[in-house]
Amino acid sequence: MSTSKTWGGRFGQATDQRVESFTSSLDYDRRLYAHDIRGSIAHARMLAHVGVLTGTECDEIVTGLERIKSEIERGEFEWLPAHEDVHMNIELRLTEQIGEVGKKLHTARSRNDQVATDLRLYMRYAVDEILTALVAFQVELLDIAEREAETIMPGFTHMQTAQPVTAGHHVMAWSQMLERDMQRLFEVRQRINIMPLGAAALSGTSFPIDRTFTAKELGFDEPSANSLDAVSDRDFVIEFVAGASILMVHLSRIAEELILWCSEPFGFIQIGEAFCTGSSIMPQKKNPDVAELTRAKSGRVFGHLVAILTVMKGQPLAYNRDNQEDKELSFDTVDTVLACLEVMLGMMSDIHFQRERLLAAAQRGYSTATDLAEYLVSKGVPFRDAHEAVGKTVRYALERHKSLSELSLDELQRFSDEIQADVFDRLTIEGSVSVRVHVGGTAPSEVIKSVRNARERLTRRRELLGRLPK
Ligand code: ARG
């Protein structure tokens, strides 16, 4: 009884239709075709290198695989669901094309080490794409920060006006979040870049394979150290999706601030019309849907993290079919992150800070109260007493609907004898930000310094990205 399956030999019955569609991964793992073919070519070359295949056999296989690759890319490849997955579709097509020798490709290999290798190659590529997108995003943030280094706006804690900050400093805080995301992805990349090939099904192989040869062909740093672990490990997926989740946390936070800032009551920024949408009923509306969707799409990436953790939890060694569930969530994570970065970058480059609104907002809410307290401390008043005195001053000003700088020297002196005419310099918004010149402070001069540092770091990162094996 024939079953047309590569594994059909021991079966007397054909696979149930429902099982065939339930177990098939072809719909989504096709995406791995280029990595699969690359892995197979490296494997064939290694087999020839150690004498398991002849040079001619290897050449035929490599030529056949390359032909299949262009068939796929021209859209001429016929994908057959009955062949379960991308690996078997390509292998069976190879044999169809080059005959018997095609059947030798799977020597010293299993789909278990093959799929783990494919996914790592894909993931390495995807991480580099995301890192490249992050570099572009950072370049934009740094340009904005430089432009808005002197723009004063209210800084918030508890969403209440706290102290004045510069808009450039705020944007550089976003840049710091993304800097950590880049660090994380570079680290994850190192653990992705380990080669499972050669582990075969789970125990290795009796053939005299040269795993270092294959690893080098594929740009992996080294072969995996344990064959059981090699076919079962998906830590690199977990780590990647975790890194992507944190990145999405950051994008959602940036998105949320943009949403608030472009709302009518805030009016801190204008977003370009090309990056907003309208309402089907309210003609006046200009909505920040790009930012809202980015904020929401974080949810699906977090979902993928929980999914892959759950897929792996409690799995016994070595390969189990459970692992097939690693792919769709990986692909969707990559697609979601790249889409968000791309559209957020576009929007970011069309954002206009409303400097007068920002300044006016910073002037409300007694944002220089801490400066007044610090002024008193500089005159020898213990901080707690200064805090108390300024608290009373704010209350007094509130009752008279005045800002601190609108109080006269006489009025201010009611709360402390130490207050002199020089206090008014400290009560200005500009004075408040310009004295915060320590490392990490909000002063325009510090913003410019941190933009410069970040640009140098980005240049190094870009060079590193260019140097890494692909
Ligand atoms: N489609 C499978 C996966 O994604 C390939 C490996 C199948 N291995 C097996 N022994 N059935 O994991």
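Further up the page is the structure itself.
Asker: What exactly am I supposed to notice about the packing of helix α6 (residues 111-147) against helix α12 (residues 327-348) here?
Answerer: Remark: α6 packs on α12, axes separated minimally by 10 Å, with the N-to-C direction vectors making an angle of 15 degrees. With respect to α12, the element α6 is oriented roughly parallel. By crossing handedness, the relation of α6 to α12 is classed as left-handed. Considered class by class, the residues forming the contact of α6 with α12 number 20 nonpolar, one polar and three charged.

Asker: What exactly am I supposed to notice about the packing of aromatic side chains here?
Answerer: The way to describe two aromatic rings as a pair is by their centre distance and the angle between their planes. Inspection of every chain in the model, using the stated rule, returns ten aromatic pairs. For the ring pair Trp 261 and Phe 268, a centre distance of 6.2 Å and an interplane angle of 50 degrees mean the geometry is tilted. Phe 268 matches Trp 261 in its accessibility class, with the two residues each being buried. Between Tyr 396 and Phe 415 the ring centres are 5.4 Å apart and the planes differ by 65 degrees, which places this aromatic pair in the edge-to-face class. With a gap of 19 residues between them, Tyr 396 in helix α15 (residues 383-399) and Phe 415 in the loop between α16 (409-413) and α17 (423-427) connect regions that are remote in the sequence. In this structure Tyr 396 comes out as buried when scored by relative accessible area, which is 10%. Pairwise contacts between aromatic rings join Phe 156, Trp 174, Trp 261, Phe 266, Phe 268 and Phe 353 into one cluster. The residue whose ring lies beneath Arg 10 is Phe 11, and the NZ or CZ to ring-centre distance is 5.4 Å.

Scoring rules and cut-offs
- Residues numbered from 1 in each chain as written.
- Predicted model: local features only at pLDDT ≥ 70, side-chain atom pairs only at ≥ 80, totals over all residues.
- Heavy atoms only, no water.
- Axes fitted to C-alpha atoms, helices over the stretch in contact; angles between N-to-C directions.
- Helix = DSSP H or I, 4+ residues; strand = E, 2+ residues; numbered from the N terminus.
- Parallel < 35°, antiparallel > 145°, perpendicular 65-115°, else oblique.
- Left-handed = near helix turned anticlockwise from the far one by under 90°.
- Nonpolar A, V, L, I, M, F, W, Y, C, P; charged D, E, K, R; others polar.
- Phe/Tyr/Trp six-rings, centres within 6.5 Å; stacked < 30°, edge-to-face > 60°.
- Buried < 20%, exposed > 50% of the residue type's maximum accessible area, 1.4 Å probe, protein only.
- Lys NZ or Arg CZ within 6 Å of the ring centre and 35° of its normal.

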